[in-house]
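Spelled out, the chains give:
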Amino acid sequence: MIVALSGGTGGSKMVDGLARVVGQRELTVVVNTADDSDFYGLRVCPDLDICMYVLAGVVADRGWGYADDTFRCLEGLETYGQPAWFGLGDRDLATHLHRTVRLAEGTALSEVTDELRRRLGVETRLLPMTDDPVRTAITTATGERTFQEYLVKHGAAEDIERIELVGIEDAAPAPGVIEAIGQADAVVLCPSSPVVSIGTILGVPGVRDAVAARRDRAIAVSPIIAGRPVEGPAHRFLAGAGYAECSARQMAEIYADVVGSFVLDERDESEAEAVAALGVRPVLTDVLMPDHDARERLARTVLDAL
Ligand code: GDP
């Protein structure tokens, strides 16, 4: 069994590649839930849904949401003066409605997630990092925002002064998370944001130690190429969390206690020596994943490296 730790857009590309190489049944994915948010009383879990839609083969080309979705409900809400900056498609709403109904009945998020993915024909086990509420709170010069407000409503345009993971100390790993990591043939830290995706998963009490105990079988993939995130504002999150650099080497340093190997892009070959100096084995390859072939090729390289 391969275990992947993943956020949303970046992580799901690696998840897709791993599933194509080992088969969906041989993969378990532990997913960040600190980006979750409530809209109109509905629980939305963006990272879980992106991973689920990717594995179900129904994700839209833009990388999130359902393929060929329409936004009639959102348009209607806007007519009534409701905020409509978060893109919830009509088919996508069914996921959030079902989840919200089941949570209100007292069902744990991990159980609801399992129901959703099975109904969509996904054979990979998707585990939320925790069933407890953990939320990323972002402070900028103009105030405090939820993760989605910062990213989507305000377009990640501001520098970050502080990042807080509200509730993380009291969160417990969801059922199966620690066991899956402990029994995995390999643990893959996907190229997701090191601060607000992988950082939050590792921040759930017990998870960082569980991965560290498997360090020889754990490998991370860099989301940073040539000093810049492939996409998105990871550089702002890194700076907001107090890290001096946005580089592959910086990623390897953040993960040095939990992974024995680190995959960085060939364009960052000059950083390989500095990665090795951290006690982490550098693996050089092309880490861009524009299509299924590239994802599969990178997944093979990652697993072969172990
Ligand atoms: P979010 O939860 O939707 O913000 O997404 P993630 O945290 O999973 O992923 C965001 C990260 O994915 C960003 O830092 C990107 O640099 C990275 N990323 C996106 N596409 C690729 C890719 O093709 N290759 C690599 N190596 N990283 C990528």
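Everything quoted here is computed from the prediction, not taken from an experiment. (Residues numbered from 1 in each chain as written. Predicted model: local features only at pLDDT ≥ 70, side-chain atom pairs only at ≥ 80, totals over all residues. Heavy atoms only, no water.)

## Here we look at the site of the ligand
Residues in close proximity to the ligand total 21 residues, the closest being Lys13, Ser192, Ser197, Pro223 and Val230. At 2.7 Å, a side-chain N or O of Ser192 approaches an oxygen atom of the ligand. In the model, an oxygen atom of the ligand is placed 2.8 Å from a nitrogen or oxygen of the Ser193 main chain. Bound to the protein, the ligand loses 93% of the 600 Å² it would expose on its own. It is helix α1 (residues 9-22) that provides the largest number of residues to the shell around the ligand, a total of four residues. Its residues assigned to classes, the shell around the ligand shows eight nonpolar, nine polar and four charged. (Near = heavy atom within 4 Å. Polar contact = N/O pair within 3.5 Å; in protein donor to acceptor, adjacent residues only side chain to side chain. Areas by Shrake-Rupley, 256 points an atom, 1.4 Å probe, with all protein chains shown as cover. Helix = DSSP H or I, 4+ residues; strand = E, 2+ residues; numbered from the N terminus. Nonpolar A, V, L, I, M, F, W, Y, C, P; charged D, E, K, R; others polar.)

## Details of unusual backbone geometry
Unusually for a residue other than glycine, Asp68 sits at a positive phi of about 55°. Take Asp68: it is sitting in the loop between α2 (46-56) and α3 (72-79). On the accessibility criterion, Asp68 (80% relative accessible area) is exposed. (Buried < 20%, exposed > 50% of the residue type's maximum accessible area, 1.4 Å probe, protein only.)

## Side note on the packing of aromatic side chains
Between two aromatic rings, the relevant description is the distance of the centres plus the angle of the planes. This structure, assessed with the given rule, holds six aromatic pairs. Members of the aromatic cluster, connected to one another through ring pairs, are Phe39, Trp85 and Phe86. Positioned over the ring face of Trp64 is Arg62, at 4.0 Å from the centre of the ring. (Phe/Tyr/Trp six-rings, centres within 6.5 Å; stacked < 30°, edge-to-face > 60°. Lys NZ or Arg CZ within 6 Å of the ring centre and 35° of its normal.)

## Remarks on the pattern of salt bridges
In a structure, side chains of opposite charge can pair up when their charged atoms sit close to one another. All chains considered together, the criterion is met by 20 salt bridges. Residue Asp265 pairs with Arg267 through a salt bridge whose shortest N-O separation is 2.6 Å. The class for Asp265 is buried, based on a relative accessible area of 1%. By sharing partners, the salt bridges in this structure join Asp16, Arg20 and Arg295 into a single network. (Salt bridge = Lys/Arg side-chain N within 4 Å of Asp/Glu carboxyl O.)

## Description of the sheet that holds strand β9 (residues 186-189)
The seven strands lie next to each other as β5-β2-β1-β9-β10-β13-β14, forming an open sheet whose pairing is parallel. Strands at the two margins of the open sheet, each flanked by one partner only, are β5 (125-128) and β14 (281-285). Each strand of the sheet is rotated relative to its neighbour by a mean of 20°, with strand direction disregarded. When β9 meets strand β10 (residues 218-221), the two strands line up parallel, connected through three bridges. Note that in β10 the partner of Val188 across the bridge is Ile219. α1 contacts β1 (2-6), β2 (27-31), β9 and β10 of the sheet and is inclined by roughly 165° relative to β1. (Pairing = 2+ DSSP bridges. Axes fitted to C-alpha atoms, helices over the stretch in contact; angles between N-to-C directions. Contact = heavy atoms within 4.5 Å.)

## Description of the sheet that holds strand β8 (residues 162-166)
On the basis of which strands lie adjacent, the open sheet formed by three strands has the order β7-β6-β8 and antiparallel pairing. Because the sheet does not close on itself, it has two edges, and the strands there are β7 (143-146) and β8. For this sheet, the mean inter-axis angle between neighbouring strands, taken without regard to orientation, is 25°. Across four bridges, strand β6 (residues 135-140) lies against β7 in antiparallel orientation. Its bridge partner lying in β7, Ile138 is registered against Arg145.

## Observations regarding helix α13 (residues 292-305)
Between its first and last C-alpha atoms α13 spans 20 Å; for 14 residues at 1.5 Å apiece the expected length is 20 Å, and the two agree. The complete set of buried residues in α13 reads Ala294, Arg295, Leu298, Ala299, Val302, Leu303 and Ala305. Buried residues of α13 fall within an arc of 160° about the axis and therefore sit on the same side. Turned more than 90 degrees from where α13 packs its buried face, Asp293 and Asp304 sit exposed. Each element contacted by the buried residues of α13 is listed here: β1, α1, β9, β10, β13 (261-265) and β14. (Expected span 1.5 Å × (residues − 1). Arc of directions from axis to C-beta.)

## A closer look at the state of the cysteines
In protein chemistry, a disulfide is the covalent bond that joins the sulfur atoms of two cysteines. Tallied over the full model, the rule gives zero disulfides. Sulfur of Cys45: no disulfide; nearest cysteine sulfur belongs to Cys51 and is 12 Å away. Overall, the relative accessible area of 0% leaves Cys45 in the buried class. Of the cysteine sulfurs around Cys51, a residue in no disulfide, the closest is that of Cys190, at 7.4 Å. (Disulfide = S-S within 2.5 Å.)

## Remarks on the confidence of the model for the chain
Looking at the chain as a whole, the pLDDT averages 97, with 100% of positions reaching at least 70. Element-level pLDDT for the chain is lowest in helix α6 (residues 147-153), with a mean of 95, against a maximum mean of 99 in β2. (pLDDT = per-residue confidence, 0-100.)

## Examining the environment of Thr95
Mapped onto the fold, Thr95 is located in helix α4 (residues 90-104). As a C-alpha pair, Thr95 and Val287 span 192 residues in sequence and 31 Å in three-dimensional space. Ignoring sequence-local partners within four residues, the contact set of Thr95 consists of Asp49, Met52, Tyr53 and Leu116.

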